[in-house]
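Survey of secondary and tertiary structure
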Amino acid sequence: MLSTLEAAAMAATGNGKAKRDTYRHGDLRNALTEAALELARQGGPEAVVLRAATRKAGVAPNAAYRHFADRDALLHAVSQKAMAHLARTMEAEQAALPPAPDAVATARARFRAVGTGYVRFAQEEPGLFRTAFHVPGDMTHAAADTAAGGTGKTPFELLGMALDGLVENGLLPEARRPGAEFLAWSAVHGLAVLLIDGPLRGLHPTQAHDAGQHVIDMIERGI
């Protein structure tokens with residue numbers, strides 16, 4: 001026979017069934033995205049699965065379909081959030097720069113910080129880095145607000161601004177500015193991938209940092 005307290009507890013939870021901790025405040029989409037972001041952090045894009053995200057968020061599996069049509073839709077949302085994290089790392093690298101003696105030195109330092117932050121993010125957050133570039137398959141969302149950092153700029157836009165700064169300060173001829181983003185991006189991204197997934201992943205952190213600086217040196221000379 002149930003005690004008065006036990007009966008009261010059962011009544012409060014619905015005839016003895018445990019009360020589900022569900023999202024009823026309209027923020028389920030964000031909760032699922034954040035849960036999936038953690039999955040990506042730990043296991044890259046392959047770990048982003050709708051059922052795993054709902055389990056992590058504490059909701060029923062079919063709840064995800066109210067906000068994401070399928071896994072690809074969830075993965076895209078996580079990719080954009082990962083890209084925003086990359087943008088914030090690049091911004092932090094720029095914000096940490098010491099005062100420069102003049103505008104020319106400032107422009108050069110800010111350009112280099114973009115590349116340094118990019119490679120650092122890949123090494124510190126390889127799961128998010130892989131996820132950031134898993135989707136989409138083109139440049140459609142390169143300037144989307146969902147991929148922006150604290151300044152409201154995406155990684156691609158931060159690189160563009162840094163290159164514009166080189167032009168404004170006479171460090172990059174204006175005639176060579178068009179398309180420079182793709183040259184710089186390709187070189188730094190290639191190194192980042194080699195460091196986290198390729199034959200350079202065994203480098204000592206100091207060696208990896210030096211390799212990054214040498215690649216940025218090469219970009220400065222080549223663009």
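Residues numbered from 1 in each chain as written. Predicted model: local features only at pLDDT ≥ 70, side-chain atom pairs only at ≥ 80, totals over all residues. Heavy atoms only, no water.

1. Considerations on the overall build of the protein
Summing up its helical and strand segments, the protein has nine helices and zero strands in all. Secondary structure elements of the protein occur, N-terminal to C-terminal, as α-α-α-α-α-α-α-α-α. Out of the 223 residues in the protein, the part that is buried amounts to 39%. If you take every contact in the protein between residues at least 6 apart in sequence, the share linking residues at least 24 apart comes to 71%. (Helix = DSSP H or I, 4+ residues; strand = E, 2+ residues; numbered from the N terminus. Buried < 20%, exposed > 50% of the residue type's maximum accessible area, 1.4 Å probe, protein only. Contact = heavy atoms within 4.5 Å.)

2. Brief notes about the environment of arginine 41
With respect to the helices, strands and loops of the structure, arginine 41 is situated in helix α2 (residues 28-43). Among the residues examined, arginine 41 registers a relative accessible area of 28% and is labelled partly exposed. Remark: the alpha-carbon pair of arginine 41 and threonine 131, spanning 90 residues in sequence, is separated by 8.3 Å. Once you skip the residues sitting within four places of it in the chain, arginine 41 turns out to touch His85, Glu125, Gly127 and Leu128.

3. What to know about the layout of surface pockets
Estimates place the volume of the largest pocket at around 400 Å³. Met83, Phe133, Pro155, Phe156 and Trp185 are the residues nearest the centre of the largest pocket, which is lined by 26 residues in total. Among the elements of the structure, α4 (71-95), α5 (103-124), α7 (155-168), α8 (180-197) and α9 (205-222) are those that each provide at least two residues to the lining of the largest pocket. Considering each element in turn, the lining of the largest pocket owes the most residues, four residues, to α5. Residues that form the lining of the largest pocket fall into these classes: 20 nonpolar, five polar and one charged. (1 Å grid on protein atoms, 1.4 Å probe; cavity = no way out; pocket = protein on both sides within 12 Å on 5 of 7 lines; lining within 4 Å. Points joined across faces, edges and corners; volume = space filled by probe spheres on them. Nonpolar A, V, L, I, M, F, W, Y, C, P; charged D, E, K, R; others polar.)

4. Some details on α4
Taking 1.5 Å as the rise per residue, α4 with 25 residues should run 36 Å; its terminal C-alpha atoms sit 36 Å apart, in good agreement. Where α4 begins, one side-chain oxygen reaches toward the backbone nitrogen of aspartate 72, 3.2 Å away; that side chain belongs to aspartate 70. (Expected span 1.5 Å × (residues − 1). Polar contact = N/O pair within 3.5 Å; in protein donor to acceptor, adjacent residues only side chain to side chain.)

5. A word on the environment of phenylalanine 182
The residue phenylalanine 182 is located in helix α8 in this model. Taking the relative accessible area as the measure of exposure, phenylalanine 182 reaches 41% and is therefore partly exposed. With 26 residues separating them in the primary sequence, phenylalanine 182 and phenylalanine 156 have C-alpha atoms 9.4 Å apart. In this structure, phenylalanine 182 is in contact with Met139 and Phe156, ignoring residues within four places of it in sequence.

6. Notes on α7
Taking 1.5 Å of rise per residue, 14 residues should cover 20 Å, and α7 covers 20 Å from first to last C-alpha, within 8% of that figure. Residues of α7 that are buried include every one of Pro155, Leu158, Leu159, Gly160, Ala162, Leu163, Gly165 and Leu166, and no others. Contacts from the buried residues of α7 go to α4, α5 and α8. Glycine 170 lies just past α7 and shows a positive phi near 75°.

So, to be careful, I would describe these as geometric facts and stop short of saying anything about function.
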